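Secondary and tertiary structure notes
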Amino acid sequence: DLFYKLSENYNTIGSPYLCKYNEKYFNLNFARDCYNAYEIAKHFGRDIKSITEFGAGNLGLCYFLSNIYKLDNYDIIDLPSMFSLQCKIASKLNINIKQHQHHINDLYIASYSLTEQDIDSILAHWSDTVVYYDKVFIANNLYPGSEKELFLNTIQKTHSIKIIKNIDMARQNEIWLINKL
């Protein structure tokens, strides 16, 4: 099974907290990343050749997507110190990443990191970068209220959105699957 094979390799990075299920061990964050990859493939299809990810963390989603898609490139938007760590992780996982250079890839991903910013930063990043993408995946952490509504209204000016609610793996509130109008 692909999930367990990739999970076993991913579990060797650092010292993650592992859970046991059916006599196998896995990292809960990686399980969430696999679920997100499933939703991405289900909604956006298999014709993804290039990805931009904002705040890629420990590359769990990148690792899984790199193993299910034949990617030409996987670009990361992150802090320089974090990108340096991600390069070391990518080397151990045998995946290729590069720092994003302001071109548009097939898919934009933000798992938590975008919606953990203040609303002004979120809206600025949307209008400067994300609005140009045809396909967008956002794992949303915004609580219901005026900031979330403002962001949703901004998205809906240029994109359609499908919201999957009540995802309760780790800390995710919703998944937003977004397509350009």
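Whatever comes next refers back to the structure up there.
Residues numbered from 1 in each chain as written. Predicted model: local features only at pLDDT ≥ 70, side-chain atom pairs only at ≥ 80, totals over all residues. Heavy atoms only, no water.

Things to note about the environment of Tyr-133
Tracing the sequence through the fold places Tyr-133 in the loop between helix H5 (119-128) and strand S7 (135-140). On the accessibility criterion, Tyr-133 (0% relative accessible area) is buried. If near-sequence neighbours (up to four positions away) are discounted, Tyr-133 is found in contact with Thr-52, His-100, His-103, Ile-104, Asn-105, Leu-107, Tyr-108, His-159 and Lys-180. (Helix = DSSP H or I, 4+ residues; strand = E, 2+ residues; numbered from the N terminus. Buried < 20%, exposed > 50% of the residue type's maximum accessible area, 1.4 Å probe, protein only. Contact = heavy atoms within 4.5 Å.)

Observations regarding unusual backbone geometry
Of note, the phi angle at Leu-59 is positive, near 70°, even though the residue is not glycine. Among the secondary structure elements, Leu-59 is positioned in the loop between strand S3 (50-54) and helix H3 (60-68). Looking at Leu-59, the relative accessible area reads 0%, which means it is buried. With a phi angle near 65°, His-102 is a residue other than glycine that sits in the positive phi range. Residue position: His-102 is located in the loop between strand S5 (98-99) and strand S6 (107-111).

Remarks on the packing of aromatic side chains
Using the criterion set out here, one finds eight aromatic pairs in the structure. When the ring of Phe-30 is compared with that of Phe-64, the centres are 6.0 Å apart and the planes differ by 65°; the resulting orientation is edge-to-face. Placement of Phe-30 in helix H2 (residues 28-44) and of Phe-64 in helix H3 is noted, with a sequence separation of 34 residues between them. For Phe-30, a relative accessible area of 0% puts it in the buried group. Consider the rings of Tyr-35 and Tyr-38, whose centres lie 6.4 Å apart with planes at 40°: the pair is tilted. (Phe/Tyr/Trp six-rings, centres within 6.5 Å; stacked < 30°, edge-to-face > 60°.)

Here's the deal with the packing of helix H1 (residues 2-10) against H3
Across the interface, H1 lies against H3 with an axial gap of 11 Å and an inter-helix angle of 135°. Judged by the angle between their axes, H1 and H3 are oblique. H1 and H3 meet at a crossing whose hand is right-handed. Together, Leu-2, Phe-3, Leu-6, Asn-9 and Tyr-10 of H1 and Gly-60, Tyr-63, Phe-64, Asn-67 and Ile-68 of H3 make up the contact between the two elements. (Axes fitted to C-alpha atoms, helices over the stretch in contact; angles between N-to-C directions. Parallel < 35°, antiparallel > 145°, perpendicular 65-115°, else oblique. Left-handed = near helix turned anticlockwise from the far one by under 90°.)

Considering the pairing of strand S4 (residues 73-77)
Of all five residues that make up S4, four are buried, and the element is covered over most of its length. Pairing geometry for S3 and S4, over five bridges, is parallel. Across the sheet, the residue bridging to Thr-52 is Asp-75, located in S4. In this fold, the crossover linking S3 to S4 by way of H3 has right-handed handedness. The sheet contact formed by S4 and S5 spans two bridges and is parallel. Looking at the pairing, Asp-75 lines up with Lys-98 of S5. (Pairing = 2+ DSSP bridges. Right-handed = clockwise from strand over helix to strand, strands pointing away.)

So, H1
Those residues of H1 that fall on the buried side of the exposure criterion are Phe-3, Tyr-4, Leu-6, Ser-7 and Tyr-10. All buried residues of H1 lie within an arc of 165° about the axis, which places them on one face of the element. Exposed and oriented more than 90 degrees from the buried face of H1 are Lys-5 and Glu-8. Contacts made by the buried residues of H1 are with strand S1 (18-21), strand S2 (24-27), H2, H3 and helix H4 (80-93). (Arc of directions from axis to C-beta.)

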